[in-house]
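# Structure at a glance
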Amino acid sequence: MECDQTALPARMLLVDDSPTNLRFLAHVLHNMGEIFFATCGQDALQIARDKQPDLILLDVEMPAMNGYEVCQHLKQDPALSDAAIIFVTSHQSMEHEVRALEAGAVDFISKPLNPPVVRARVRTHLTLKQQSDKLRQLANRDGMTGVFNRRAFDDMLSVEFRRHQRTRMPLGIAMLDVDFFKRYNDLYGHLQGDDCLRHIAHAIVASSRRPAESVCRYGGEEFIVILPNSDAQQTLKYGHWLREQIHRLALPHQAAELGIVTVSVGVTAAIPDASLSPLQMVQHCDQALYAAKHQGRDCVCL
Ligand code: GH3
Ligand code: MG
Ligand code: MG
Ligand code: MG
Ligand code: MG
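An account of the accompanying structure is given in this report. Being a predicted model, the structure only gives us computed values, none of them experimental. (Residues numbered from 1 in each chain as written. Chains lettered and ligands numbered in written order. Predicted model: local features only at pLDDT ≥ 70, side-chain atom pairs only at ≥ 80, totals over all residues. Heavy atoms only, no water.)

Of all the residues in helix α1 (residues 19-28), the buried ones are Leu22, Leu25, Ala26 and Val28. An end-on view of α1 places all buried positions within 160 degrees of arc, on one side of the element. Of the residues in α1, the exposed ones pointing more than 90 degrees away from the buried face are Thr20, Arg23 and His27. Those residues of α1 hidden inside the fold are in contact with β1 (11-15), β2 (34-38), β3 (55-59) and α5 (115-140). (Buried < 20%, exposed > 50% of the residue type's maximum accessible area, 1.4 Å probe, protein only. Helix = DSSP H or I, 4+ residues; strand = E, 2+ residues; numbered from the N terminus. Arc of directions from axis to C-beta. Contact = heavy atoms within 4.5 Å.)

As structure tokens, this is what we get:
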């Protein structure tokens, strides 16, 4: 599940144009986590995208793209900006140190490297990174299901809304509400109700095909999915697919018409412009969901 945040080994990316330096650093940091290597800035950015490292040790002097430039690219990309960056350089001057910290680095280590100092600093920054990941997790995730919470949804929707305004691409959202869930609780109890919601959240996460499709718990038994670059037809298709996936779970619900848990889905899509707000998009989606309930539930409306 996308929400699972078990304590994975730390991931470190070592960037230096000298293979000898890389070998030395890898030796110094052995058994502190998983290590990836890059010998130029372009490779560093690509590997950072693929491997999502917690920490990047970055050489300053490199041909083509220097460490400051790499750092700037990393900090500009929301998918990469969380990595802690430590510059490793033979420059000793205060200006270089200031420049590194202003570029967004968390620390600055001078060559020649002192192995115990490097290990201690890396350990400190890995601990801080883990703590900030944990805080972000607590702030943005729903504790019961692990999907994004309402706060994160509001933030993500306004970011996506503005992005789609610029690109003139359609943005879709799909809202799902569990049918007869009050009866489910009455019949099976609240704890099993919670389990049912976790199963549904898991199925929604599994049914979103792209990482950019953000799954959020909107309210009690309501979930909402943001679908970037999806027009009405694509969003509607996703809504039907979602409804089918919940059918396939076949969670028993003796007080529902089909004897299994079903959901109603409302969808909407638009190319955001000045005449529309994120809030209005959610209202349209809510109206579509209301229509789906009105049509008898277990269906999808646009
Ligand atoms: P409808 O088909 O019209 O959606 O009927 P419904 O019973 O699902 O709708 P209603 O809004 O009347 O009830 C929603 C229920 O969801 C009531 C509430 O107790 C339950 N619920 C909300 N959040 C949770 C939760 O976190 N855990 C459990 N177990 N139940 C929850
Ligand atoms: Mg160098
Ligand atoms: Mg509801
Ligand atoms: Mg309901
Ligand atoms: Mg209701």
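Continuing now.
Okay, the layout of surface pockets next. Its boundaries defined by the atoms lining it, the second largest pocket holds a volume of some 150 Å³. Taken together, Arg209, Arg210, Glu213, Leu227, Asn229, Ser230, Gln234, Thr235, Lys237, Tyr238 and Trp241 make up the lining of the second largest pocket. For the lining of the second largest pocket, the leading source of residues is helix α9 (residues 232-249), giving 5 residues. A breakdown of the residues in the lining of the second largest pocket according to their chemical character gives 3 nonpolar, 4 polar and 4 charged. (1 Å grid on protein atoms, 1.4 Å probe; cavity = no way out; pocket = protein on both sides within 12 Å on 5 of 7 lines; lining within 4 Å. Points joined across faces, edges and corners; volume = space filled by probe spheres on them. Nonpolar A, V, L, I, M, F, W, Y, C, P; charged D, E, K, R; others polar.)

With distances of 2.0 to 2.2 Å, the protein atoms coordinating the magnesium ion (ligand 2) are Asp17 (OD), Asp59 (OD) and Glu61 (O). In the primary structure, the donors to the magnesium ion (ligand 2) are separated according to the pattern D-x41-D-x1-E. You can see aspartate 17 sitting in the loop between β1 and α1 and its partner glutamate 61 sitting in the loop between β3 and α3 (67-76), a full 44 residues away along the chain. Its relative accessible area of 33% is what places aspartate 17 among the partly exposed residues. (Donors = N, O, S within 2.8 Å, 3.2 Å for Na, K, Ca; no water.)

The local shell around ligand 1 holds 17 residues, among which Phe181, Asp194, Arg217, Lys293 and Arg297 are the closest. Between phenylalanine 181 and ligand 1, the recorded distance is 2.8 Å, taken from a backbone N or O atom to an oxygen atom. A distance of 2.7 Å separates an oxygen atom of ligand 1 from a polar atom in the side chain of arginine 297. Here ligand 1, which alone exposes 650 Å², has 67% of that area covered by the protein. (Near = heavy atom within 4 Å. Polar contact = N/O pair within 3.5 Å; in protein donor to acceptor, adjacent residues only side chain to side chain. Areas by Shrake-Rupley, 256 points an atom, 1.4 Å probe, with all protein chains shown as cover.)

Note on the magnesium ion (ligand 4): its protein donors are Asp177 (OD), Val178 (O) and Glu221 (OE). The metal-donor distances range over 2.0 to 2.2 Å. For the magnesium ion (ligand 4), the single-chain donor residues occur in sequence as D-V-x42-E. Here the magnesium ion (ligand 4) and the magnesium ion (ligand 3) are spaced 3.7 Å apart, and both take aspartate 177 as a donor. Of this pair, valine 178 sits in strand β6 (residues 171-178) while glutamate 221 sits in the loop between β7 (214-219) and β8 (222-227), and the two are 43 residues apart along the sequence.

Let's shift gears to the packing of α1 against α5. Any two packed helices are characterised by the angle at which their axes cross and by the distance between the axes. For the pair α1 and α5, interaxial distance at closest approach is 10 Å and the crossing angle is 70 degrees. On the basis of their axis angle, the class for α1 and α5 is roughly perpendicular. The hand of the α1/α5 crossing is right-handed. Where α1 abuts α5, its residues Phe24, Leu25 and Val28 lie against Pro115, Val118 and Arg119. Here the contact of α1 with α5 is composed, by residue class, of 5 nonpolar, no polar and 1 charged. (Axes fitted to C-alpha atoms, helices over the stretch in contact; angles between N-to-C directions. Parallel < 35°, antiparallel > 145°, perpendicular 65-115°, else oblique. Left-handed = near helix turned anticlockwise from the far one by under 90°.)

Remark: the centre distance and the inter-plane angle together describe each pair of aromatic rings, the angle taken between the planes. All chains considered together, the criterion is met by 4 aromatic pairs. A ring pair is formed by tyrosine 68 and phenylalanine 87, whose centres lie 5.2 Å apart and whose planes are at 55 degrees; its orientation type is tilted. Of the two residues, tyrosine 68 is situated in helix α3 and phenylalanine 87 in strand β4 (residues 84-89); the sequence distance between them amounts to 19 residues. Grouped by ring-pair contacts, the aromatic residues Phe181, Tyr184 and Tyr188 constitute a single cluster. Cation over ring: arginine 141 sits above phenylalanine 148, and NZ or CZ is 3.8 Å from the ring centre. (Phe/Tyr/Trp six-rings, centres within 6.5 Å; stacked < 30°, edge-to-face > 60°. Lys NZ or Arg CZ within 6 Å of the ring centre and 35° of its normal.)

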